[in-house]
Each structure stands twice: as C-alpha cells, then as structure tokens.
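# Examining the three-dimensional arrangement
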Amino acid sequence: MNQPNLASLFLLALLATGCSSGPPYEALPIEDDAEQSSYVVVTDAKLRDLVRVGRPFVERVAATNQLRVAVPIRSIHDETIQILAQVSFLNASKQPIGDETNRQVKVLPPGSTVTHIAISKSAEAADWVMRLSWNR
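To start, this report covers the structure provided alongside it. (Residues numbered from 1 in each chain as written. Predicted model: local features only at pLDDT ≥ 70, side-chain atom pairs only at ≥ 80, totals over all residues. Heavy atoms only, no water.)

### Thoughts on the overall build of the chain
What the chain contains, in helices and strands, is three helices and nine strands. A buried classification covers 28% of the 136 residues belonging to the chain. Carbon and sulfur atoms provide 54% of the accessible area of the chain, an area that totals close to 9,300 Å². (Helix = DSSP H or I, 4+ residues; strand = E, 2+ residues; numbered from the N terminus. Buried < 20%, exposed > 50% of the residue type's maximum accessible area, 1.4 Å probe, protein only. Areas by Shrake-Rupley, 256 points an atom, 1.4 Å probe, with all protein chains shown as cover.)

See below:
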C-alpha cells in the first residue's frame, strides 16, 4: 500500500487554502454595472424576457435646455403586463445629479408598444438611465 509522502500532503493543503480566501472580499466596480453601459436596465430576469426596448430619442427642450428622453417599450408576452418605468438623469460623467422621475405605471397589452417620455428638471442633465421593474 502506498502512503502519501509529506511533501504531497503539504502541497495539497497549500492548494486548498489558496483557493478559498476569506474576508475581506474585493468589491466589484461600479464601472462594470449595467447602468454604466446601457441606457435601459431591467430589474428582474423574468421581466427582461418579456419586454424589448427600441432606440431612444433624446433631445433638448428649446426654451429651457432640459433633456427630453422618449423610449419605446414593447411587450412580447401573451398576456397584459404592468411595469414601472423610472428615469434618472445624470451629468456628463454619468454621476447622479438628484434628478429622478417618479416611477410611472405602464400597461402593456400583448404585443403592444408604448413610449415612455421623461424630461429632466434642469439643464444640468447630460445623460440618463431608465429602470424597468414589475408593478407589484
């Protein structure tokens, strides 16, 4: 019967402890977050499977220089669904400026498309992100 040698046991123990590191854990960066790379994010995997978004239309309001965003949202579900849409306006560095809309209910019958429109409170808004979630 072969007995493992001491060096093999030491190497095995070293590998096992190297693979399972304890706290503290490295934080994941915000820059890899969906809100940093996409204009529209969906907060639930099931909802993500049931809706599609179209190309956003973004413009400045002539008299006030506010940012106006219009996003088509389509249901591909076979039943009527209700969602909430909220837009956060950001500065040019994608940092929040405290300019967020209320969550608004959108009723989407099967196969229908609605356009969600949001307007910033101030001209400081340079960018935006829309969050879609279930209306529960």
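### As for the side chain of Ser75
One can find Ser75 in strand β4 (residues 67–75). Excluding its chain neighbours within four sequence positions, the residues that come into contact with Ser75 are Leu50, Ile81, Leu108, Pro109, Pro110, Gly111 and Ser112. (Contact = heavy atoms within 4.5 Å.)

### A closer look at the nonpolar core
One finds Ile73, Ile81, Phe89, Trp128, Met130 and Leu132 to be the most contacted residues of the largest nonpolar core, which totals 20 residues. If you list the elements that add at least two residues to this core, you get α3 (45–50), β4, β5 (81–90) and β9 (127–134). Top contributing element to this core by residue count: β5, with five residues. (Core = buried A, V, L, I, M, F, W, Y, C linked by side-chain atoms within 4.5 Å.)

### Remarks on the pairing of strand β6 (residues 96–100)
Judged from the three bridges that link them, β5 and β6 form a sheet pairing that is antiparallel. Its bridge partner lying in β6, Leu90 is registered against Pro96. Here β5 folds back onto β6 in antiparallel fashion, the turn holding five residues, of which Lys94 has a positive phi close to 65°. (Pairing = 2+ DSSP bridges.)

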